[in-house]
Amino acid sequence: SPSSFASRRSILRVVNDNAKSGGDHPDYALELNATNFDAVLKDSPATYAVVEFFANWCPACRNYKPHYEKVARLFNGPDAVHPGIILMTRVDCASKINTKLCDKFSVGHYPMLFWGTPSKFVGGGWEPKQQVKNNIRVIDDARTADRLLNWINKQLGSSFGLDDQKFQNELLSSNVSDPGQIARAIYDVEEATSIAFDIIFEHKMIKAETRASLIKFLQLLAAHHPSRRCRKGTAEFLVSFDDLYPTDFWATGKHDKSSVKNLKICGKDVPRGYWMFCRGSKNETRGFSCGLWVLLHSLSVRIEDGESQFTFNAICDFVHNFFICEECRQHFYDMCSSVSSPFKKARDFALWLWSSHNKVNVRLMKEEVSLDTADPKFPKIIWPPKQLCSSCHLGLDQKNNKIEWNQDEVFKFLTEYYSTTLASLYKDSNVVLKDGTEAVEDLIVATNAIVVPVGAALAIAVASCAFGALACYWRSQQKSRKYFHHLHSLKNI
Ligand SMILES: Cc1cc2nc3c(=O)[nH]c(=O)nc-3n(C[C@H](O)[C@H](O)[C@H](O)COP(=O)(O)OP(=O)(O)OC[C@H]3O[C@@H](n4cnc5c(N)ncnc54)[C@H](O)[C@@H]3O)c2cc1C
């Protein structure tokens, strides 16, 4: 359907669509071909990938498919039980377009399965003698779903089971024991940013009295958001802000901004619809508010000294005006109001935010226990615990029963955690095409359509599309039309 074409660009959307498209028998594994293989794997947030090379005429492959799908169900798609860990894909070697790709991996029988990190597959290949060198491995014992999952469990030291159900993930490691998890949080920061703005637009929260505070926050995001595509989206929104919301806008009485409602602040591939780092063990815990905290901390460690008071104001006002959890914004604003002198150092602001977050943690620790609303896998703690940063802890002040902190170490840790590690998995969205040209992954987003020459748009669409070139061409036409129309309607406001 046209709508399913329109969302094919995002790898996770593709996974979603794949999962939905099959009716009674949804395909969870993502079918790739030579035109999108590199781009999709490059863009994958998953830590590992499995690629199954098969041929559509091969009867054994047809019989193998339900086994492969049973495993893919656990890792792919919006309802994945263990999301973000393994991307399960397949490539049909009987399709002419894939001949070279299958050759590169020396596919000698069907089905043949490979294992590696997604990046190792990009532009990669496999030869029987090179196993160790390029880190792509043949999965040699995958005849049934059980055996494939066993093989994976052995690699990861995990204990995934075929019957694992959503939110019953015994491996869902809390942040305490797995500091490496933070690297995935960048995707949740994007998700939270996008949701925050969806809420703002949906609730028509941009008003005469909140306008200035949103502009401030947008400025902060445009300069320091850890995700490039969110920086780009906020900068573009900022550029057109005055046209969209002129100061006399509210006087005119025409407040309906239905066209802005569709504005995706981090590009149209976000939100994805699920959480990774901020995923709770229950459906209703963590998520957005966790993502928002991570965003705020990641901003606090990216600013310069001279921006510290501005950042403090921007964040306090943003939470106050746009975080519509009444208790949260009130408490947070109280903490903001109790600050008596302006911040001069970025370090001081980052530590203030850290300690304010800990105050919230302490309050919620008690509350959640008494109401039994805590996420059992993620109880509130005073952060960072010793396991994450032992040098941050000086000891316990016995008199007040309070942790004594080494603030220099805490700041060092915050910077490492929210700046370096957070962005370590993040791949820039620029996709380098085979001919050496650079196709910016999110060029064809709403606000940018006008600067994309049709040829470039077509090249990008073809390079990253899950379908044949014709379908992609049709899709890129639809996109251009839709977004030109969208731009046009924005301009006419
Ligand atoms: C500004 C704000 C105010 C809020 N106020 C309230 C409130 O008044 N009442 C209420 O019920 N809920 C409030 N919430 C929600 C609440 O704080 C949690 O976000 C929510 O309960 C989910 O908790 P979580 O376990 O995912 O961890 P969160 O508290 O959301 O933390 C997310 C992650 O940040 C890291 N972290 C934890 N503590 C710190 C710290 N001190 N410094 C740096 N990093 C840290 C950890 O890795 C943690 O997993 C607020 C949220 C925000 C963003």
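Computed from a prediction, not measured in an experiment: that's the story for all the values here.

**Side note on the overall build of the protein**
Part 1 of the reasoning: If you tally the helices and strands in the protein, you get 19 helices and 9 strands.
Part 2 of the reasoning: Relative to its full complement of 493 residues, the protein shows a buried share of 52%.
Part 3 of the reasoning: Sequence-distant contacts in the protein: of pairs separated by 6 or more residues, those separated by 24 or more amount to 69%.

**A few points about the confidence of the model for the protein**
Part 1 of the reasoning: On average, residues of the protein carry a pLDDT of 79, and 75% of them reach 70 or more.
Part 2 of the reasoning: Long-range and interchain partners of residues 19-23, a stretch whose pLDDT sits below 50, account for 3 contacts in this model, where long-range means more than four residues apart.
Part 3 of the reasoning: The ipTM value of the predicted complex is 0.99, and its pTM value is 0.65.

**Overview of the pairing of strand β2 (residues 48-54)**
Part 1 of the reasoning: The buried count for β2 comes to 6 of 7 residues, which makes it a mostly enclosed element.
Part 2 of the reasoning: Here β2 runs beside strand β3 (residues 86-92); their pairing, made up of 7 bridges, is parallel. By the bridge assignment for β3, E52 is matched with R90.
Part 3 of the reasoning: Read from β2 through helix α4 (residues 59-75) to β3, the crossover connection turns out right-handed.
Part 4 of the reasoning: The pairing of β2 with strand β4 (residues 112-116) spans 5 bridges and is classified as antiparallel. Its bridge partner lying in β4, F53 is registered against M112.

**Observations regarding the pattern of salt bridges**
Note that side chains of opposite charge can pair when their charged atoms are close.
Part 1 of the reasoning: All chains considered together, the criterion is met by 17 salt bridges.
Part 2 of the reasoning: Between K264 and D198 there is a salt bridge, and its shortest N-O distance comes to 3.3 Å. In this pair, K264 is assigned in the loop between α12 (258-261) and α13 (288-300) and D198 in helix α9 (residues 185-202), connecting sequence segments 66 residues apart.
Part 3 of the reasoning: Judged by its relative accessible area of 32%, K264 falls in the partly exposed class.
Part 4 of the reasoning: With its nearest N and O atoms 3.0 Å apart, the salt bridge here joins E326 to R329. Placement of both E326 and R329 in helix α15 (residues 326-337) is noted, with a separation of 3 residues, approximately one turn of the helix.
Part 5 of the reasoning: Classification of E326 as partly exposed rests on a relative accessible area of 49%.
Part 6 of the reasoning: A residue is classified by how much of its surface remains accessible, and R329, at 19% relative accessible area, is buried.
Part 7 of the reasoning: One continuous salt-bridge network, built from bridges that share partners, spans D27, E52, K65, E69 and R90.

**Things to note about the nonpolar core**
Part 1 of the reasoning: Formed by 77 residues in total, the largest nonpolar core has its most connected members in L214, F237, Y245, F332 and W352.
Part 2 of the reasoning: Among the nonpolar cores identified, the runner-up in size contains 23 residues, and L74, V81, W115 and L148 belong to it.

**Considerations on the state of the cysteines**
Part 1 of the reasoning: Tallied over the full model, the rule gives 6 disulfides.
Part 2 of the reasoning: Disulfide partner of C230: C266, at an S-S distance of 2.1 Å. Judged by the sign of its S-S torsion, about 110 degrees, the cystine formed by C230 and C266 is right-handed. Here C230 is found in helix α11 (residues 228-244), whereas its partner C266 is found in the loop between α12 and α13, with 36 residues between them in sequence.
Part 3 of the reasoning: For C230, a relative accessible area of 0% corresponds to the buried category.

Rules used throughout
Residues numbered from 1 in each chain as written. Predicted model: local features only at pLDDT ≥ 70, side-chain atom pairs only at ≥ 80, totals over all residues. Heavy atoms only, no water. Helix = DSSP H or I, 4+ residues; strand = E, 2+ residues; numbered from the N terminus. Buried < 20%, exposed > 50% of the residue type's maximum accessible area, 1.4 Å probe, protein only. Contact = heavy atoms within 4.5 Å. pLDDT = per-residue confidence, 0-100. Pairing = 2+ DSSP bridges. Right-handed = clockwise from strand over helix to strand, strands pointing away. Salt bridge = Lys/Arg side-chain N within 4 Å of Asp/Glu carboxyl O. Core = buried A, V, L, I, M, F, W, Y, C linked by side-chain atoms within 4.5 Å. Disulfide = S-S within 2.5 Å.

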